[in-house]
Amino acid sequence: MSLLLFSIRNAFRKKAVAALAVLGVAFGCALMTFLFSVTTGMEKRVETTFSNLAGQITITQKGSMFGGLLQGIGSSSIPVSYIDIIKDVPNVNNVTGQVTNILRPAGATMVLPLFGYGVNETRTEIGPFQRIIEGTAPARDDEVVIGKSLLEYLAFLNVTYQIGGVYTFEIPGKEADNLNLKVVGVYRTGNELLDGGFSGTEQLARDIGGLKPGSLSAISAQVGSMEYVEEAAREIEERLSGKKPEVQVVAPRELLLPLNNVLRVLKQFFLAVSSVAVAAGSLTIMVVMLLSVVERRREFGILKALGWTPWDIACMVLVESITLSLLGAGIGVALGYGGLIAVKEYLAIDIGAPGLRVAALVCACGVLVGAAGGLYPAWRANRAAPAEILRG
């Protein structure tokens, strides 16, 4: 114990050397903390969307925008009677209709999705009206709520929507018919597709698209288990084959798999960058500790002459390097989280998910960095011959 305490105190005897070693490790660990937090946050959002879409099949009119992924937004019209046909398909537990359309902010070129829901919406457990995090749900046909993800993305583009504000929208194809809508709340369902748009009453969505009663933009069929999705999709397609209008049957979860692959590649890239940063920190502490060992050869010779064993000196150098790297890791974690918070505030987007798991992982890397950086210097210190050193 006395050797451990002495080694820890001795690590800071030369302040400039200690500061250089700590900063080297801190830089690598800060970058590692930031990148790991970003990838963890991205994974969490994608996984939540995948889980919400698990077992879901979407039926839209053939040729719908985005392959029907966004529930037939602005380009689909199928009869309500299709619901009764789909209900009897084996393994289909729940069938619901969806009314959707698109809006264009006045003077803008972008279009935004609008999801229409009944006032007493009970079709889905993740409906926007049941997931209000700020404000209230729409009570009138000229009121909407905005998804949290869309709010963040628009803020990144310097486009802001505030609760209580009234905004003008253009109806694509009917630019002369401007529409004033009041934003009354913000919702978050965890489904990035739903959270990336506006939601209002079903009547509002029908009026904007001219969708007549008895018609839907899309039908969503929920299958009890993922293993039956393909079988149920084929059965639905067969039962609706030959009917007018023709339909397309898609599983949104499958359409999102390319996004998951992109995320996997991005994660590997971030891991490579983090590894390089940590390696740089390890190399820094190794070089600093090695230079320190070379300068302290006389000190080691004296300690050996006083009865210290080579193992004692090697342990002292190793403990010193681990102590400095742990301190650097702690500072790096704090800097990484600070940088993440600053970027989130600047971009107004929730891009990361800091947590104890990331902090523990980075600190563990700090220990490994200290051990790796101190092994060779400890071995050099162990070889110090007191007689030769003192004679020099």
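Rules behind the numbers
Residues numbered from 1 in each chain as written. Predicted model: local features only at pLDDT ≥ 70, side-chain atom pairs only at ≥ 80, totals over all residues. Heavy atoms only, no water. Helix = DSSP H or I, 4+ residues; strand = E, 2+ residues; numbered from the N terminus. Buried < 20%, exposed > 50% of the residue type's maximum accessible area, 1.4 Å probe, protein only. Contact = heavy atoms within 4.5 Å. Areas by Shrake-Rupley, 256 points an atom, 1.4 Å probe, with all protein chains shown as cover. Phe/Tyr/Trp six-rings, centres within 6.5 Å; stacked < 30°, edge-to-face > 60°. Core = buried A, V, L, I, M, F, W, Y, C linked by side-chain atoms within 4.5 Å. Pairing = 2+ DSSP bridges. UniProt positions renumbered as here; feature names shortened; annotations may be inferred. Salt bridge = Lys/Arg side-chain N within 4 Å of Asp/Glu carboxyl O. pLDDT = per-residue confidence, 0-100. Patch = residues over 30% accessible without salt bridge, like charges linked within 9 Å, V, L, I, M, F, W, Y side chains within 5 Å. Arc of directions from axis to C-beta.

What follows concerns the overall build of the protein chain. Helix and strand content of the protein chain: 13 helices and twelve strands. Expressed as a percentage of the 392 residues in the protein chain, the buried residues total 46%. Here the contacts in the protein chain between residues at least 6 apart in sequence split such that 78% fall between residues at least 24 apart. About 19100 Å² of surface is accessible on the protein chain, with carbon and sulfur atoms providing 60% of the total.

In the structure shown here, the tally under the stated rule is five aromatic pairs. Between Tyr 161 and Tyr 167 the ring centres are 4.7 Å apart and the planes differ by 65 degrees, which places this aromatic pair in the edge-to-face class. The exposure class of Tyr 161 is buried, given its relative accessible area of 10%. The interplanar angle of 5 degrees and the centroid separation of 6.1 Å between the aromatic rings of Tyr 161 and Phe 169 together place this pair among those described as stacked.

For the rest of this paragraph, the subject is the environment of Leu 193. Within the secondary structure, Leu 193 sits in helix 5 (residues 192–195). For the pair Leu 193 and Leu 150, spaced 43 residues apart in the sequence, the C-alpha separation amounts to 9.6 Å.

Moving on, we come to the nonpolar core. If you look at the biggest cluster of nonpolar residues, it comprises 42 residues, and the most contacted ones within it are Ile 57, Ile 59, Ile 146, Tyr 161, Phe 198, Ile 219 and Ile 236. In contact with Phe 198, other than residues within four places in its own chain, are Leu 112, Pro 113, Leu 114, Phe 115, Val 144, Val 145, Ile 146, Leu 150, Tyr 161, Phe 169, Val 183 and Tyr 187. Listed in part, the twelve residues of the second largest apolar core include Val 25, Met 32, Ala 359 and Val 362.

For strand 11 (residues 218–223), a buried count of five out of six residues is recorded, marking the element as mostly surrounded by other parts of the structure. Note: strand 1 (residues 56–61) against strand 11, five bridges, orientation antiparallel. Within the sheet, the bridge partner assigned to Thr 58 lies in strand 11 and is Ser 220. The sheet contact formed by strand 3 (residues 92–105) and strand 11 spans six bridges and is antiparallel. Within the sheet, the bridge partner assigned to Val 95 lies in strand 11 and is Ala 221.

Those places that UniProt annotates as "transmembrane region" (unreviewed entry) correspond, in this numbering, to residues 269–294, 315–338 and 358–379. Along residues 315–338, the helical share is 100% and the strand share 0%, with 34 Å between the first and last C-alpha atoms.

The next point concerns the environment of Pro 213. Along the polypeptide, Pro 213 turns up in the loop between helix 6 (202–209) and strand 10 (215–216). Taking the C-alpha atoms as reference points, Pro 213 and Pro 79, separated by 134 residues in sequence, lie 9.1 Å from one another.

Under the criterion given, the structure shown has seven salt bridges. Residues Glu 152 and Arg 188 are paired through a salt bridge, measuring 3.8 Å at the closest nitrogen-oxygen approach. Of the two residues, Glu 152 sits in helix 4 (residues 148–156) while Arg 188 sits in the loop between strand 8 (174–187) and helix 5, which places them 36 residues apart along the sequence. Since its relative accessible area comes to 36%, Arg 188 is described here as partly exposed. Across the salt bridge formed by Arg 206 and Glu 202, the nearest N and O atoms sit 3.2 Å from each other.

Here the protein chain shows a mean pLDDT of 77. Residues at 70 or above account for 74%. Ranking the elements of the protein chain by mean pLDDT puts helix 13 (residues 386–391) last, at 56, and strand 6 (residues 143–147) first, at 94. Ignoring residues within four places in sequence, the model shows residues 119–125, a span with pLDDT below 50, making twelve contacts including any to other chains.

What follows is about helix 4. The set of residues buried in helix 4 consists of Lys 148, Ser 149, Leu 150, Leu 151, Glu 152 and Leu 154. In the stretch just after helix 4, Asn 158 is the one whose phi turns positive, near 65 degrees.

Next up on the list: the pairing of strand 3. Of all 14 residues that make up strand 3, twelve are buried, and the element is covered over most of its length. Counting the residues between successive antiparallel strands, the hairpin from strand 3 to strand 4 (residues 112–117) contains six residues, one of them, Gly 107, with a positive phi of roughly 85 degrees. Of the pairings in the sheet, the one linking strand 3 to strand 7 (residues 166–171) comprises two bridges and is antiparallel in character. Among the inter-strand pairings, Arg 104 is bridged to a residue of strand 7, identified as Glu 170.

Judged by side-chain polarity, Leu 4, Leu 5 and Ile 8 come together as a nonpolar surface patch covering roughly 230 Å² of accessible area. The topology assignment puts Ile 8 in helix 1 (residues 2–10).

To continue, consider helix 7 (residues 229–239). Of the positions making up helix 7, those classed as buried are Val 229, Ala 232, Ala 233 and Ile 236. Seen from one end, helix 7 has its buried residues packed into an arc of 100 degrees, which puts them on one side. In helix 7, the exposed positions angled more than 90 degrees off the buried face are occupied by Glu 230 and Glu 238. Where helix 7 is buried, its residues contact strand 1, helix 3 (82–87), strand 3, strand 11 and strand 12 (247–250).

A cis amide bond, omega 0 degrees, links Lys 244 with the succeeding residue Pro 245. With respect to the helices and strands, Pro 245 occurs in the loop between helix 7 and strand 12. In this structure, Asn 91 takes a positive phi of about 75 degrees despite not being glycine. Note on placement: Asn 91 falls in the loop between helix 3 and strand 3. Residue class for Asn 91 comes out partly exposed when judged on its relative accessible area of 30%. Even without a glycine there, the phi angle at Asn 158 is positive, about 65 degrees. With respect to the secondary-structure elements, Asn 158 resides in the loop between helix 4 and strand 7. Judged by relative accessible area, which is 72%, Asn 158 ranks as exposed.

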